[in-house]
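Below are the chains, spelled out letter by letter.
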Amino acid sequence: MTDKRPIGIFDSGLGGLTVLEAVHKVMPHEDLIYFGDSGRAPYGTKSAETVRKYTFQDINFLLSHDVKMIVIACNTASACSLSAVKESYEWLPVQEVVGPGSAAAVKTTKNGKIGVIGTPATISSGVYERAIGAICPDANVFSKSCPLFVPLVEEGWWTGPVPERVAKEYLKELKKQKIDTLILGCTHYPYLEKIISEYMGEGVSIINSGRVVAESIKNSLTETDMLRGGRSEGKIRYFTSDSVTKFASLGKMFLKETLSPVEHADIESVSVAPRGKNG
Ligand code: DGL
């Protein structure tokens with residue numbers, strides 16, 4: 001048995017491409033459909049209610065393309081909406097990013113001091129403290145929201161004195177806490193990994209959850225006989241709610257390859273009401 005339908009992946013913008021890249025590497029035969037809601041980004045500074053509404057629209061948009069699974073490649077959407085999504089779409093396989101990142105951090109830390117950086121919505125939700133505490137109650141978690149990181153990434157401003165200065169401001173407290181592991185709790189942040197890692201120093205392991213999320217997806221598709229086999233390379237379709245030209249040029253900068261034509265999605269016209277299994 002195999003399920004040839006695509007996997008649907010979404011984020012508020014470009015951040016989820018860090019997950020898409022890992023998924024494509026780990027499961028090269030899968031077709032993927034990516035939706036980046038750049039027209040409404042950032043999510044992380046909005047209310048949980050707004051993020052939930054956007055999340056349901058994003059999922060419904062991907063379901064209109066007959067996807068077999070949804071990957072919430074956005075910590076903010078996971079933090080604000082995961083339980084509502086699980087309740088409303090019981091029939092749908094859904095993968096999120098917080099659990100795998102937390103498990104990887106617990107495995108990595110030696111001194112039990114784990115830092116988490118994310119959007120204001122993710123950090124104030126306490127989702128990482130709960131996820132890490134459930135695996136390792138003795139861990140000490142230090143978190144910090146970094147709201148300027150997402151606009152910097154969405155503008156393609158990934159290196160140089162401006163992001164370096166911003167990173168220093170945000171990270172100096174975590175550095176003082178002597179954490180040995182830092183979770184990039186926002187899928188946009190891997191674009192800034194170099195400057196974050198340079199500032200934190202060699203003794204701090206950086207957890208970028210893309211890879212572990214991809215492994216977790218592979219395991220669950222294998223267990224449910226839904227993994228797509230074969231030899232041909234999977235096709236990837238990209239959609240954005242904002243300028244397709246801007247998305248294509250920034251996407252190319254990150255993925256280091258030309259994105260197959262980026263298509264526009266009119267996300268505001270998509271229903272918020274959860275869809276049933278048969279549409
Ligand atoms: N990339 C997203 C995350 O992982 C959201 C960033 C945002 O839109 O604020 O949280």
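Data block above holds the structure.
Just so it is clear, the model here is predicted, and its values are computed rather than measured.

**A word on unusual backbone geometry**
Here Ala 41 and Pro 42 are connected by a cis peptide whose omega angle stands at 0°. On the secondary structure map, Pro 42 appears in the loop between strand E2 (32-36) and helix H2 (48-63). With phi around 60°, Asp 225 is a residue other than glycine that occupies positive phi space. Along the polypeptide, Asp 225 turns up in the loop between helix H10 (210-223) and strand E9 (236-240). For Lys 256, which is not a glycine, the phi torsion comes out positive at approximately 60°. Structurally, Lys 256 can be placed in the loop between helix H11 (244-255) and strand E10 (262-264). Residue classification places Lys 256 among the exposed residues on the basis of a relative accessible area of 72%.

**Examining H10**
Here H10 spans 20 Å end to end across 14 residues, near enough to the 20 Å set by a 1.5 Å rise per residue. When we look at burial in H10, the residues that qualify are Gly 210, Val 213, Ala 214, Ile 217 and Leu 221. One side of H10 holds all its buried residues, which, seen down the axis, span an arc of 100°. Looking at the buried positions of H10, the neighbouring elements they touch are strand E1 (7-11), helix H1 (17-26), strand E3 (69-72), strand E4 (94-95) and helix H4 (98-108).

**What about the pairing of strand E5 (residues 113-118)?**
Of all 6 residues that make up E5, 5 are buried, and the element is covered over most of its length. When E5 meets strand E6 (residues 140-145), the two strands line up parallel, connected through 6 bridges. Bridging across to E6, Ile 114 finds its partner in Val 141. Summarising the sheet, E5 and strand E7 (residues 181-184) pair through 4 bridges and their orientation is parallel. By the bridge assignment for E7, Gly 115 is matched with Leu 182.

**Comments concerning the packing of H1 against H11**
For the pair H1 and H11, the least separation of the axes is 11 Å and the interaxial angle reads 55°. Looking at the two axes, H1 sits oblique to H11. Here H1 runs over H11; the crossing is right-handed. Along the contact surface, H1 presents Leu 17, Thr 18, Leu 20 and Glu 21, while H11 presents Phe 247, Gly 251, Phe 254 and Leu 255.

Definitions and cut-offs
- Residues numbered from 1 in each chain as written.
- Predicted model: local features only at pLDDT ≥ 70, side-chain atom pairs only at ≥ 80, totals over all residues.
- Heavy atoms only, no water.
- Helix = DSSP H or I, 4+ residues; strand = E, 2+ residues; numbered from the N terminus.
- Buried < 20%, exposed > 50% of the residue type's maximum accessible area, 1.4 Å probe, protein only.
- Expected span 1.5 Å × (residues − 1).
- Arc of directions from axis to C-beta.
- Contact = heavy atoms within 4.5 Å.
- Pairing = 2+ DSSP bridges.
- Axes fitted to C-alpha atoms, helices over the stretch in contact; angles between N-to-C directions.
- Parallel < 35°, antiparallel > 145°, perpendicular 65-115°, else oblique.
- Left-handed = near helix turned anticlockwise from the far one by under 90°.

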